[in-house]
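Residue-level listing of the chains:
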Amino acid sequence: MSLHITLATAGRILRQLRHDRRTVALLLVVPALLLALLYFMYDGSGATFDRVALIMLGIFPFVIMFLVTSIAMLRERTTGTLERLLTTPLGKLDLLFGYGLAFGLAAALQGALATGAAYWLLGLQTTGSAGLVVLIAVVNAVLGVALGLFCSAFARTEFQAVQFLPVVVVPQILLCGLFVPREQMVGWLEGISNALPLTYAVEALAQVGISADPTSTMWRDLVVVAGAAVIALVLAAATLRRRTP
Amino acid sequence: MDNAVEVRDLVVERGKRTVLHGISCDIPAGQVTGLLGPSGSGKTTLIRAVVGVQIVRSGTVMVLGRPAGSAPLRRELGYVTQAPSVYADLSVRENARYFAALRGLGATEADRAITDVGLAQACNQLVGNLSGGQRSRASLACALIGHPKLLVLDEPTVGQDPVLRADLWARFHELAAGGTTLLVSSHVMDEAGRCDRLLLVREGRLIGDDTPAAIRARSGTDDLEEAFLRLIRQLDEVAA
């Protein structure tokens, strides 16, 4: 691995993003608009809005970065740039961490905007600080990037890549405790829920909702999510082969 | 003379099909070697084996004295795939600078490579907005950066206008004169005459490995396309 090459790769990915103004606009504006939708849905019910919006601030970056990354990586494979990159001094982890870094930065910007809109425009209230919400959102985005990089190895076409969203992302959203409290689920469902990284991100956000200072549960959850992201990146590296049939 | 590439008994299978049936050949250093053959003959597979991205069934490929694909070779190799493998959503210059950065080189080298392929005027355009010929030259520029010892170019002149094609071939020979080894594939026989040496491939087998002059002499015609046809007929007669 080389820091220089990793940074050059992250810079290249951000430059690609910058040329695609529509994607940038969608990335930055859509989460805030969806939160506004929630605000009007839960009109007059401040407590429910606070609970759901807080969790959504973690789920949006996860879903969006998963999608963006799996398509971006698939493009590297189908246009031949990946094959070419693998004949250069670039290491596999340079490429994967480059993606993590670039989309992590994009997620930081996205998270700051969405969180700012939620607190200032939509009156979101949490006991803990908004800065922690952004931090959790960014770690979640990196998890989305890592899973997207991993899953793109199993897709040959963009149609297939998009299908991984319902397979990999939706179950995590269903089982994370947003719809049904996890302790009310049957044992085996709760067991599955315990094994899914998004569960921990949602729990960390809930901790920010109820506690003024960061709790040890929140830090533990954040470490679990970050650890899951690193494992997914390493698995993604294992699926990147320099030699192909 | 030293060989930059030595291929021995190379067998490649893709799925259940054997794509290369035990090819052996040498690519001399400091020359332009043309890899000629119809589409589907195994040219790209042989090229992929040389750059070290092809899983091979058996046989060896040595590049600059090392097994193809080994890590130190990645600094010595410039590779242009058949489809222009550059980022369509970056400008020519941004592409070149990225590929320069991968080799630890700066903007000067990137800009020089862009000028070398005649894209200086278009350097701020997005690759996606360029014509097909310009796009493949942008891809070529990224391979030229940092003076690789071995340049492997898969059909680099497709879609170029005749004047540019002549310029590119002149550039290839300049590079060879400077010590670079070039392996250039083409399915257009009129480009065969521009090579120092030819490898003729058909259906995964090498049917000619010689200088253009020697191939002309052996087949008794000046037209290389006709020479290729006569070689095939001779082989078919032997087989029959």
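Residues numbered from 1 in each chain as written. Chains lettered and ligands numbered in written order. Predicted model: local features only at pLDDT ≥ 70, side-chain atom pairs only at ≥ 80, totals over all residues. Heavy atoms only, no water.

A few points about the UniProt feature "domain: ABC transporter" (unreviewed entry) in chain B
So, point 1. As annotated in UniProt, the feature "domain: ABC transporter" (unreviewed entry) corresponds to residues 5-228 of chain B in the numbering used here.
So, point 2. Secondary structure within residues 5-228 of chain B divides into 32% helix and 28% strand; the distance between the first and last C-alpha atoms comes to 24 Å. (UniProt positions renumbered as here; feature names shortened; annotations may be inferred. Helix = DSSP H or I, 4+ residues; strand = E, 2+ residues; numbered from the N terminus.)

Quick word on the nonpolar core
So, point 1. Counting residues in each nonpolar core, the largest one holds 129 residues, and the members touching the most others are Leu35(A), Ile59(A), Tyr99(A), Phe172(B) and Leu182(B).
So, point 2. With 18 residues, the single largest contributor to this core is helix 3 (residues 46-78) of chain A.
So, point 3. Apart from the residues within four sequence positions on either side, Leu35(A) is in contact with Phe49(A), Ala53(A), Met56(A), Leu57(A), Phe60(A), Ala114(A), Ala118(A) and Leu122(A).
So, point 4. In terms of nonpolar packing, the next biggest core, distinct from the first, is built from 27 residues, Leu35(B), Val61(B), Val152(B) and Leu199(B) among them. (Core = buried A, V, L, I, M, F, W, Y, C linked by side-chain atoms within 4.5 Å. Buried < 20%, exposed > 50% of the residue type's maximum accessible area, 1.4 Å probe, protein only. Contact = heavy atoms within 4.5 Å.)

Notes on the packing of helix 2 (residues 21-41) of chain A against helix 5 (residues 92-121) of chain A
All names here are of chain A.
So, point 1. Contact geometry for helix 2 and helix 5: axes closest at 9 Å, N-to-C directions at 30°. Between helix 2 and helix 5, the crossing angle belongs to the class labelled roughly parallel. Viewed along their axes, helix 2 and helix 5 form a crossing whose handedness is right-handed. Facing helix 2, whose interface residues are Leu-27, Leu-28, Pro-31, Ala-32 and Leu-35, helix 5 presents Leu-109, Gln-110, Leu-113, Ala-114, Ala-117 and Ala-118. (Axes fitted to C-alpha atoms, helices over the stretch in contact; angles between N-to-C directions. Parallel < 35°, antiparallel > 145°, perpendicular 65-115°, else oblique. Left-handed = near helix turned anticlockwise from the far one by under 90°.)

Quick notes on the interface of chain B and chain A
So, point 1. Every contact between the two is made by 32 residues of chain B and, on the other side, 26 residues of chain A.
So, point 2. Between chain B and chain A lies a buried interface of about 2700 Å² when both sides are counted; carbon and sulfur atoms form 54% of it.
So, point 3. It is Arg74(B), Tyr98(B) and Leu102(B) that lose the most area in chain B upon contact with chain A, and together they represent 24% of the buried surface on that side.
So, point 4. In this assembly, chain B and chain A are joined by three salt bridges.
So, point 5. For Glu94(B), the salt bridge is made with Arg18(A), and the minimal N-O distance between the two is 3.4 Å.
So, point 6. Linking chain B to chain A there are 19 residue pairs in polar contact (both at pLDDT 80 or more).
So, point 7. Elements supplying a minimum of two residues to the side of chain B that touches chain A: helix 1 (43-51), strand 6 (77-80), helix 2 (92-102) and helix 4 (132-144) of chain B.
So, point 8. With five residues, helix 2 of chain B is the largest single contributor of residues to the side of chain B that touches chain A.
So, point 9. Its residues assigned to classes, the side of chain B that touches chain A shows 18 nonpolar, eight polar and six charged. (Buried area = accessible area lost by both parts, 1.4 Å probe. Salt bridge = Lys/Arg side-chain N within 4 Å of Asp/Glu carboxyl O. Polar contact = N/O pair within 3.5 Å; in protein donor to acceptor, adjacent residues only side chain to side chain. Nonpolar A, V, L, I, M, F, W, Y, C, P; charged D, E, K, R; others polar.)

Here we look at the layout of surface pockets
So, point 1. One number sums up the size of the largest pocket: a volume of about 720 Å³.
So, point 2. Residue lining of the largest pocket: 27 residues in total, with Arg77(A), Thr78(A), Leu82(A), Glu83(A) and Thr244(A) positioned closest to the centre.
So, point 3. For the lining of the largest pocket, the elements supplying multiple residues, two or more each, are helix 3 and helix 4 (81-85) of chain A together with helix 1 of chain B.
So, point 4. Of all the elements, helix 3 of chain A adds the most residues to the lining of the largest pocket, at three residues.
So, point 5. In the lining of the largest pocket, the residues fall into 11 nonpolar, eight polar and eight charged.
So, point 6. Considered as a void within the structure, the second largest pocket measures approximately 550 Å³ in volume.
So, point 7. Forming the boundary of the second largest pocket are 25 residues, of which Gln16(A), Asp20(A), Ala72(A), Arg75(A) and Asp89(B) lie nearest the centre.
So, point 8. Those elements that place two or more of their residues in the lining of the second largest pocket are helix 1 (3-19), helix 3 and helix 5 of chain A.
So, point 9. With six residues, the single largest contributor to the lining of the second largest pocket is helix 3 of chain A. (1 Å grid on protein atoms, 1.4 Å probe; cavity = no way out; pocket = protein on both sides within 12 Å on 5 of 7 lines; lining within 4 Å. Points joined across faces, edges and corners; volume = space filled by probe spheres on them.)

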